[in-house]
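What follows is the residue order along each chain.
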Amino acid sequence: MDMNEIKEIFFQECEEQLAELESGLLKLNDGDRDPETVNAVFRAVHSIKGGAGAFGLDDLVSFAHVFETTLDCVRSNKLEPTQDVLKVMLKSADVLADLTNAARDGGSVDEARSRTLIRELEALANGETPASAEAPAPKSAAAAPKATAPAPVVEKPVVNDEGFQPIPFSFGDFDDEPETHYVPTCQVLFKPKKDLYAKGNEAVLLLRDVSRLGEMSVYCDMDALPTLDKMNPEEAYFSWKISVTTEKGEDGVRSVFEFAEWDCDLDIRTIEEDVVSEAADDEELPMQPVPFDLSILDDGGSVAAEDEPAIIESDAAAAVAAAETASKVAQVTSRAADNAKAAAAASAASAAQANQAAAAGQTIRVDLDRVDRLINLVGELVINQAMLSQSVVENDSNGTSSINMGLEELQQLTREIQDSVMAIRAQPVKPVFQRMARTVREIADITGKSVRLITEGENTEVDKTVIDKLAEPLTHMIRNAVDHGLEMPEKREALGKNPEGTVRLTAKHRSGRIVIELADDGAGINREKVRQKAIDNDLIAADANLSDEEIDNLIFHAGFSTADKVSDLSGRGVGMDVVKRSIQALGGRISISSKPGQGSVFTMSLPLTLAVLDGMVVTVAGQTLVVPLTAIVETLQPEASAIHSFGASQRLISIRNSFCPLVDVGRILNFRNIQANPMDGVALLVESEGGGQRALMVDAIQGQRQVVIKSLEANYTHVPGIAAATILGDGRVALILDVDAVVAASRGHSLRQDISLAATG
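Residues numbered from 1 in each chain as written. Predicted model: local features only at pLDDT ≥ 70, side-chain atom pairs only at ≥ 80, totals over all residues. Heavy atoms only, no water.

(A) View of the pairing of strand 16 (residues 650-655). Of the two faces of strand 16, only the one carrying Arg651, Ile653 and Ile655 is buried; Gln650, Leu652 and Ser654 on the other face are not. Where strand 15 (residues 643-646) meets strand 16, 4 bridges bridge the pair, whose relative direction is antiparallel. Within strand 16, the position partnered with isoleucine 643 by the bridge is isoleucine 653. Remark: 3 residues form the turn of the hairpin made by strand 15 and strand 16, two consecutive strands paired antiparallel; glycine 647 in that turn has positive phi of roughly 70°. For strand 16 and strand 17 (residues 658-664), the ladder comprises 4 bridges, and the chain directions are antiparallel. Bridge pairing links serine 654 to phenylalanine 659 in strand 17. Between the antiparallel neighbours strand 16 and strand 17 lie 2 residues, among them arginine 656 with a positive phi of about 50°. (Buried < 20%, exposed > 50% of the residue type's maximum accessible area, 1.4 Å probe, protein only. Helix = DSSP H or I, 4+ residues; strand = E, 2+ residues; numbered from the N terminus. Pairing = 2+ DSSP bridges.)

Put into structure tokens, the structure is as follows:
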């Protein structure tokens with residue numbers, strides 16, 4: 001695997017981490033104070049920073065470093081995650097995503113915005129309010145939660161006869177109040193492997209994080225450092241012996257090394273109180289701190305692995321002190337060895353259980369193109385299986401041959417393969433919904449409105465192709481809801497509403513389709529304004545008699561806008577027409593329900609997959625059509641007594657003491673000029689979104705089968721009333737009926753002229 005492949009995997013993991021980051025921040029914003037939520041947010045930023053460091057993405061590392069520091073203050077309860085704090089962090093998550101995308105695609109980001117957020121994050125980490133971050137704060141605030149005393153100036157040390165060099169080292173005063181009770185002391189032996197540096201981690205950063213836990217002394221063992229001519233810059237030569245007294249105990253210390261534990265040799269032991277006292281009185285244990293001044297990290301910079309030999313070389317005489325100290329530390333800690341062994345055994349057992357749990361949920365990454373090819377092959381398999389079955393049926397009069405029975409088993413296996421392959425492509429809509437949260441925040445900032453996005457049904461699964469094409473229409477709808485739908489906060493208060501507007505995004509399965517609803521609690525559609533604008537644009541006649549639903553649907557016309565002036569968000573008449581075209585291209589439909597003063601609901605109904613469907617094959621005026629099985633409620637043979645005339649040309653059918661409009665599909669689709677006799681055909685009772693039930697009249701039913709969807713627009717052109725096409729078992733092309741378009745036509749709008757124009761144009 002070359003570096004480009006590794007880098008691509010890193011960016012794929014970044015997408016997951018960014019989703020986890022935003023999800024956690026939104027939970028915190030909703031009042032969730034679970035420590036695990038905070039830890040998940042922190043780990044997401046930490047992982048992105050570590051991977052970015054390995055690839056030299058300095059801008060991403062620098063911003064993530066400041067962001068991580070502020071999150072660490074939240075994690076250690078030094079910073080309360082208030083609404084103002086989380087507002088800054090949500091914006092920072094957006095910038096982190098922008099920096100990641102720029103690093104992957106070679107784009108650019110708004111540097112002014114990044115610098116502003118860095119100052120705000122530094123101010124929060126320094127205990128200030130975000131507003132105080134307007135004046136540039138010292139960059140050291142990003143690396144330390146509170147001010148520390150400056151490190152003393154170190155004179156050139158003197159090496160004693162034994163070759164040991166005492167070097168002063170200070171992390172500052174991390175505890176202003178004296179301890180009045182016993183605080184456990186942990187001894188840590190930390191030896192990094194070269195993999196730790198290769199993954200972008202830094203030993204000095206880990207030491208700094210340990211120092212925040214409490215009072216600390218540290219020793220650096222440099223005995224493994226070779227001469228300059230034998231030095232490998234990618235190797236790890238140093239190890240550290242750390243003693244830290246902390247309220248958090250061994251678990252707190254181990255959490256610092258959580259992401260580096262596999263890339264280092266680590267031994268953490270808790271020292272009993274009497275042993276610590278003995279160590280303090282032991283004159284043979286020299287307390288000789290090592291010359292690591294961690295303030296070099298306070299300016300937001302980083303220390304790479306190859307920089308460390310240069311640091312040591314400048315103080316070559318100081319390189320021999322820590323090895324003997326390690327043995328004395330080991331002598332002092334010998335009394336705790338038994339406890340450490342027991343803890344190590346428990347840790348090993350826990351790790352084994354974790355490995356078993358991880359194995360149970362293993363996943364692999366597969367290129368989407370490979371899955372697409374598999375989908376296409378399965379589609380061809382379905383078609384060939386249908387053709388083979390058709391041929392056998394036509395040549396086998398009794399239908400009981402062994403070949404026929406084998407084909408039935410093949411049909412079942414084909415169906416199972418198809419279902420399994422489609423399940424691979426099925427993904428939850430959560431990633432798309434999470435992207436909408438950022439859109440809401442940005443538009444709310446631009447418009448000066450207070451908006452809250454509520455999402456439901458995020459785990460509803462749909463085909464990957466559908467998910468990829470949902471982002472654009474949803475973005476336009478969100479912009480429309482916030483900009484046009486929701487009122488300004490002061491106006492909402494005057495109307496007795498909550499100043500904070502609500503936008504609700506919901507996904508659910510219904511009748512074999514996915515239904516996505518976008519609802520707001522704003523002012524609703526101003527129908528008078530919409531009607532007048534349509535008249536001004538010559539879309540309708542001034543005396544046109546339109547229903548409320550027809551007026552609402554005028555907003556989907558290209559170039560239509562009710563905005564009084566052109567702005568960055570609206571006024572150019574581009575938006576809702578794009579939404580309708582995008583939804584129709586997916587074989588879906590969109591409807592509107594609006595109540596003045598209460599808000600609007602936009603409902604999108606989409607197929608779960610764009611590859612296959614179960615359908616009823618029917619005959620209409622000599623043409624073969626496929627009606628999606630999910631739309632059919634029941635089939636029935638009309639009787640003369642059940643047919644009733646209504647008006648000049650409308651007919652109703654009585655079904656269990658209720659009347660349902662009877663729709664001649666052949667007449668609607670212009671297959672014939674006169675209506676057929678209902679008693680000569682079959683009625684399909686169907687149900688559509690917003691259209692209620694209709695009885696579609698067809699000539700005959702050929703059977704039920706699974707068909708492969710082929711796009712009619714891609715291979716021919718758009719035909720009103722037709723959703724797509726398919727290939728039957730005998731090789732003929734059959735059209736898949738758009739039930740909702742036919743039902744809509746039966747309610748007043750004729751498709752005949754549109755079909756004629758499509759056929760001639």
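Next comes the rest of the account.
(B) The arrangement of the packing of aromatic side chains in detail. Applying the stated rule across the entire model yields 6 aromatic pairs. Each ring, one from phenylalanine 190 and one from tryptophan 240, has its centre 5.9 Å from the other, and the planes form 25°; the classification is stacked. Placement of the pair is phenylalanine 190 in strand 1 (residues 185-192) and tryptophan 240 in strand 3 (residues 239-246), with a sequence separation of 50 residues. Of the residues examined, phenylalanine 190 reaches a relative accessible area of 1% and is grouped as buried. Relative to tryptophan 240, the ring of phenylalanine 238 lies with its centre 6.1 Å away and its plane at 90°, an arrangement referred to as edge-to-face. Classification of phenylalanine 238 by relative accessible area gives buried; the value is 4%. On the basis of relative accessible area, tryptophan 240 is assigned to the buried category, the value being 1%. Here a set of aromatic residues connected by ring pairs shows up, and it is made of Phe190, Phe238, Trp240 and Phe257. Looking at arginine 75, its charged tip hangs above the ring of phenylalanine 42, at a distance of 3.8 Å from the centre. (Phe/Tyr/Trp six-rings, centres within 6.5 Å; stacked < 30°, edge-to-face > 60°. Lys NZ or Arg CZ within 6 Å of the ring centre and 35° of its normal.)

(C) How the structure looks around helix 13 (residues 368-395). For helix 13, with 28 residues, the first-to-last C-alpha span of 41 Å sits near the 40 Å given by 1.5 Å per residue. Of the positions making up helix 13, those classed as buried are Val371, Ile375, Val378, Gly379, Val382, Ile383, Gln385, Ser389 and Val392. Residues of helix 13 that are buried in the fold lie against helix 14 (402-425), strand 20 (700-708) and strand 21 (722-727). (Expected span 1.5 Å × (residues − 1). Contact = heavy atoms within 4.5 Å.)

(D) Summary view of the packing of helix 1 (residues 3-29) against helix 2 (residues 35-54). As a packed pair, helix 1 and helix 2 sit with axes 8 Å apart at the nearest point and diverge in direction by 155°. The orientation of helix 1 relative to helix 2 falls into the category roughly antiparallel. Crossing handedness for the pair helix 1 and helix 2: left-handed. Residue-level inspection shows Phe10, Cys14, Gln17, Leu18, Glu20, Leu21, Gly24, Leu25, Lys27 and Leu28 of helix 1 in contact with helix 2, the latter providing Thr37, Val38, Ala40, Val41, Arg43, Ala44, Val45, Ser47, Ile48, Gly51 and Ala52. Grouping the constituent residues of the contact of helix 1 with helix 2 by class yields 13 nonpolar, 5 polar and 3 charged. (Axes fitted to C-alpha atoms, helices over the stretch in contact; angles between N-to-C directions. Parallel < 35°, antiparallel > 145°, perpendicular 65-115°, else oblique. Left-handed = near helix turned anticlockwise from the far one by under 90°. Nonpolar A, V, L, I, M, F, W, Y, C, P; charged D, E, K, R; others polar.)

(E) Up close: the environment of isoleucine 478. With respect to the element layout, isoleucine 478 can be found in helix 17 (residues 471-485). We classify isoleucine 478 as buried; its relative accessible area is 0%. Aside from chain neighbours lying at most four places away, what touches isoleucine 478 is Met436, Thr439, Val440, Ile443, Val503 and Leu518.

(F) The arrangement of the sheet that holds strand 2 (residues 214-221) in detail. Sheet architecture is open: 4 strands sit in the order 2-3-1-4, paired in antiparallel fashion. One side of each edge strand has no neighbouring strand; the edge strands of this open sheet are strand 2 and strand 4 (264-271). Neighbour-to-neighbour, the strand axes of this sheet turn through a mean angle of 15°, independent of strand direction. The pairing of strand 1 with strand 3 spans 6 bridges and is antiparallel. Each bridged residue has a counterpart across the sheet, and for threonine 185 the counterpart in strand 3 is threonine 245.

(G) Structural context of the pairing of strand 10 (residues 589-595). Examined bridge by bridge, strand 10 and strand 11 (residues 599-607) share 7 bridges and lie antiparallel to one another. Counted as the bridge partner of arginine 589 is serine 605 from strand 11. Between strand 10 and the antiparallel strand that follows it, strand 11, lie 3 residues; glycine 597 among them carries a positive phi value of about 85°.

(H) Structural detail: the pattern of salt bridges. Summed over all chains, the structure comprises 26 salt bridges. For aspartate 94, the salt bridge goes to arginine 438, with nearest N and O atoms at 3.8 Å. Of this pair, aspartate 94 sits in helix 4 (residues 83-105) while arginine 438 sits in helix 15 (residues 430-447), and the two are 344 residues apart along the sequence. For the pair aspartate 94 and arginine 438, one class covers both residues: buried. Between glutamate 111 and arginine 115 there is a salt bridge; the shortest N-O distance is 3.7 Å. Taken as a pair, glutamate 111 and arginine 115 lie in helix 5 (residues 111-125) at a separation of 4 residues, close to a single helical turn. Here the residues in one salt-bridge network are Glu22, Asp94, Asp98, Arg438, Arg441 and Glu442, joined through shared partners. (Salt bridge = Lys/Arg side-chain N within 4 Å of Asp/Glu carboxyl O.)

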